[in-house]
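Single-letter residue listing:
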Amino acid sequence: MRELARELKVPLLCDTVESMDLLLAGKVDLAVMEPTEGGPPPDDARFEQSPLLEEPHILLVPADHPLARAVSVRLEDAAAEDWIVADPGTCDHAQRVRVLCAAAGFSPRIAHAATQWPAVWSLVGNGLGVSLVPRPAEGPAGQAVVRVPVSSENMPMRRILTCVRRGSRRNPLIDLGIRALEEAVRDHQAMDDRPRSA
């Protein structure tokens, strides 16, 4: 995308609240974000937010776990398990796991929090618990984990939005940036439909 528009300012590796602050200050032109606590509501007059992507979560289990052989699972099938999440200081994964598990009728027993995604994979691979991760997420090769789809009747989804300052979507560079992101999502989804292993 940067090759398409060198003047377009897009933040990299920012959380939602920080991205909104950068947008308001005019330091960035476009943010890609997840709706999170502390983020702007959809009707915030300062911003224009548009859906970019919805992706399902999958249950990550150790390769020798009984659920590893399932074609799909319900979240409540893992209610008695220890859970592994990303450290709350790094992203909202722990909050998302709690909310999704509560919607499935249980409170997860969070046993470990890791500061990096490869550590989540490693902890799961070593039998220390299970985790819920976005379907396209990748871990380090060689980990003894299995990615199990969550059944469709209660499939948890992760929603990603684009956000710009209100009225700035008409800027040709910003519009170009959003269209490039939308095209990348379409390409990603086409590739993600192929069979995958952990």
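In this text, all values refer to a predicted model and were calculated from it rather than measured experimentally.

(A) Main features of the pattern of salt bridges. Counting across every chain of the model gives nine salt bridges. The salt bridge partner of Asp44 is Arg46, with a shortest N-O separation of 2.6 Å. Arg159 is the salt-bridge partner of Glu54, the closest N and O atoms lying 3.6 Å from each other. One end of the pair, Glu54, is in strand 2 (residues 47-62); the other, Arg159, is in strand 7 (residues 157-165), and 105 residues separate them in sequence.

(B) Seen up close, helix 2 (residues 93-103). Regarding helix 2, the residues found buried are His93, Ala94, Arg96, Val97, Leu100 and Cys101. With its buried residues spanning 160 degrees around the axis, helix 2 presents them on a single face. Residues of helix 2 that are exposed and angled more than 90 degrees away from the buried face: Val99 and Ala103. Residues of helix 2 that are buried make contact with strand 2, strand 3 (82-86), helix 3 (117-125), strand 5 (131-134) and strand 7. Two residues or fewer past helix 2, Gly105 is found with a positive phi of approximately 100 degrees.

(C) Summary view of the confidence of the model for the protein chain. Across the protein chain, the average pLDDT comes to 84, with 85% of residues at or above 70. In this model residues 194-198 is a low-confidence stretch, pLDDT under 50, and it forms ten contacts with partners more than four residues away in sequence or in other chains.

(D) Structural view of helix 1 (residues 16-24). Taken together, the buried positions of helix 1 are occupied by Thr16, Ser19, Met20 and Leu23. When helix 1 is viewed along its axis, its buried side chains cluster within an angular range of 100 degrees and face the same direction. Just beyond helix 1, the residue with positive phi is Gly26, at close to 75 degrees.

Procedures and definitions
Residues numbered from 1 in each chain as written. Predicted model: local features only at pLDDT ≥ 70, side-chain atom pairs only at ≥ 80, totals over all residues. Heavy atoms only, no water. Salt bridge = Lys/Arg side-chain N within 4 Å of Asp/Glu carboxyl O. Helix = DSSP H or I, 4+ residues; strand = E, 2+ residues; numbered from the N terminus. Buried < 20%, exposed > 50% of the residue type's maximum accessible area, 1.4 Å probe, protein only. Arc of directions from axis to C-beta. Contact = heavy atoms within 4.5 Å. pLDDT = per-residue confidence, 0-100.

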